[in-house]
Amino acid sequence: MSGMSTLEETIRQKAKELLEKGEVTAVIGWGGGWNPAKATPQFARDADGAEKLVFNPFCYNNLAVYLPRMKDSKVAIFAKPCEAGSIVALLAEGKISRDNVYIIGIACQGIVDPVKLEKEAGSIDEATAAYLEGDTIVIEGEGGAKRVRFTKVAMDACASCEQKGTSFADEMVGDTAKPVTTEVSFEVPEDADWAWWREFWAKEFDRCIRCYACRESCPVCYCRDNCAVQSLRERWTGSQVNPMEALMFHAQRAMHVAGRCIECGACERACPVDIPLTLLHKQVGGAVRKLFNFEVGDKADERPPLETFQKEEL
Ligand code: SF4
Ligand code: SF4
Ligand code: SF4
């Protein structure tokens, strides 16, 4: 059965302490969503707010996305290692100040991808309870309980997660992290060449409706109203919804986040038409990693390579 875990108790207590002592103005964490299988971001500003914090395998949002918008007052944030990596990336770019963020790292045991979950278990819209029981995710609803192996529905990103980033945390909560096993949702064919990729992405981007949910959910897409795709001064990308303009948007975004993307998959989970965006960011980010020997989230005092142009690189 579901119920409040010891970790949840610790999280609520920790948030209350920080707020009561006046050390932070808000604590960013997760709260129960409208659906028990979809936790939602929760901003606790007092003891009542702290009581609503949860932590479970359904906490899939990357909370670091809120930090640049809250950078002028001191806040605390609960951070899985993938969030922590994004926080380090934001520190490295000077978008947030280390003095204004208190990081409480959570040793992560892996998180459920809601898209994979719905593929395995069908619609979870009517779920009345959702929890992990041993190695099984249980979704209860009016028609009974659906059970799915956790490894079938864990986020793809968890498979290659090295649980780094929390070394920057001010403190840690939770048990020691374990390596996560997951069945990745898509295997790239071994003989995939340039023509294969061109066809693959053309087909995927054909479905893009330019809603920008991917951009809004991404911790390193913080340009907001100054985003190049909306610029009225220079028209880098047209605003029509068609495959060519979608390709331009995604190529531009992929280059902008290359060497800054932690591959958390938040963009992909936000996409209403399930475009496998992490695959694109892994590819472009992988090239930057190789070319510049640079790992995102490793150093808070080293700017990402594509932000630091050197004449010798020409
Ligand atoms: S990638 Fe997965 S295992 Fe790693 S920190 Fe994020 S949610 Fe946890
Ligand atoms: S581009 Fe996507 S995968 Fe990369 S950091 Fe942003 S949300 Fe995460
Ligand atoms: S979230 Fe999906 S549909 Fe919306 S702009 Fe991004 S890729 Fe396109």
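Above this text you will find the structure in question.
Residues numbered from 1 in each chain as written. Chains lettered and ligands numbered in written order. Predicted model: local features only at pLDDT ≥ 70, side-chain atom pairs only at ≥ 80, totals over all residues. Heavy atoms only, no water.

S.K.: So what exactly am I meant to see when it comes to the site of ligand 3 here?
M.R.: Taken together, 14 residues lie near ligand 3, and Cys208, Cys211, Tyr212, Cys214 and Cys271 sit nearest. Residue assignment for the shell around ligand 3 shows that the elements contributing at least two residues are α8 (213–217) and α9 (243–257). (Near = heavy atom within 4 Å. Helix = DSSP H or I, 4+ residues; strand = E, 2+ residues; numbered from the N terminus.)

S.K.: Any chance you could explain the side chain of Gln42 here in plain terms?
M.R.: The topology assignment puts Gln42 in strand β2 (residues 38–44). In this view, Gln42 contacts Val27, Ile28, Gly29, Trp30, Gly31, Gly49, Lys52 and Leu53; residues no more than four positions away in its chain are not counted. (Contact = heavy atoms within 4.5 Å.)

S.K.: Sorry, what's going on with the packing of aromatic side chains here?
M.R.: For any pair of aromatic rings, the description rests on two quantities: the centre-to-centre distance and the angle between the ring planes. With the rule as written, the count across this model stands at ten aromatic pairs. Taking the centre distance of 5.6 Å and the plane angle of 85° together, the rings of Trp197 and Phe200 count as edge-to-face. Taken together, the residues Trp197 and Phe200, both in helix α7 (residues 194–205) and three residues apart, mark about one turn of the helix. Across this residue pair, the class does not change: Trp197 and Phe200 are buried. Through a chain of ring-to-ring contacts, three or more aromatic side chains come together here, namely Phe186, Trp196, Trp197, Phe200, Trp201 and Phe205. Its end group placed over the ring of Tyr212, Arg215 keeps NZ or CZ at 4.5 Å from the ring centre. (Phe/Tyr/Trp six-rings, centres within 6.5 Å; stacked < 30°, edge-to-face > 60°. Buried < 20%, exposed > 50% of the residue type's maximum accessible area, 1.4 Å probe, protein only. Lys NZ or Arg CZ within 6 Å of the ring centre and 35° of its normal.)

S.K.: In this structure, what is going on with helix α4 (residues 114–121)? I would like to understand it.
M.R.: Each full turn of the α-helix corresponds to 3.6 residues, which orients residues three or four apart in the same direction. Within the span of α4, buried status applies to Pro114, Lys116, Leu117 and Ala121. All buried residues of α4 project into a common sector of 155° when viewed along the axis, lining one side. Capping the start of α4, Asp113 holds a side-chain oxygen 2.8 Å from the backbone nitrogen of Val115, two or three residues further along. Where α4 ends, the next residue or the one after it, Gly122, has phi of about 80°, a positive value. (Arc of directions from axis to C-beta. Polar contact = N/O pair within 3.5 Å; in protein donor to acceptor, adjacent residues only side chain to side chain.)

S.K.: What's the story with the site of ligand 1 in this structure? I'm lost.
M.R.: Taken together, the residues surrounding ligand 1 are Lys80, Pro81, Cys82, Cys108, Gly110, Ile111, Met155, Ala157, Cys158, Cys161, Gln163 and Val180. Broken down by class, the residue content of the shell around ligand 1 amounts to nine nonpolar, two polar and one charged. (Nonpolar A, V, L, I, M, F, W, Y, C, P; charged D, E, K, R; others polar.)

S.K.: Sorry, what's going on with the environment of Gly29 here?
M.R.: Here Gly29 lies in strand β1 (residues 26–35). Along the sequence, Gly29 and Pro81 sit 52 residues apart, while their C-alpha atoms lie 14 Å from each other. Residues within four places of Gly29 in sequence aside, it is in contact with Thr40, Pro41, Gln42, Leu53, Leu63 and Phe78.

S.K.: Honestly, the pattern of salt bridges in this entry has me stumped. Any pointers?
M.R.: Two side chains of opposite charge can pair, provided their charged atoms sit close to one another. The tally for this structure, following the rule as stated, stands at 19 salt bridges. The shortest N-O distance in the salt bridge between Glu93 and Arg260 comes to 2.9 Å. Of this pair, Glu93 sits in the loop between α3 (81–92) and β5 (101–106) while Arg260 sits in the loop between α9 and α10 (266–270); the two residues are 167 residues apart in sequence, bridging distant segments of the chain. In this structure Arg260 comes out as buried when scored by relative accessible area, which is 4%. A salt bridge links Asp156 to Lys116; the nearest nitrogen and oxygen atoms lie 2.6 Å apart. (Salt bridge = Lys/Arg side-chain N within 4 Å of Asp/Glu carboxyl O.)

S.K.: When you look at the state of the cysteines in this model, what are you seeing that I'm missing?
M.R.: Inspection of every chain in the model, using the stated rule, returns zero disulfides. No disulfide involves Cys227; its sulfur sits 6.1 Å from that of Cys223, the nearest cysteine. By relative accessible area, which is 13% here, Cys227 ends up buried. (Disulfide = S-S within 2.5 Å.)

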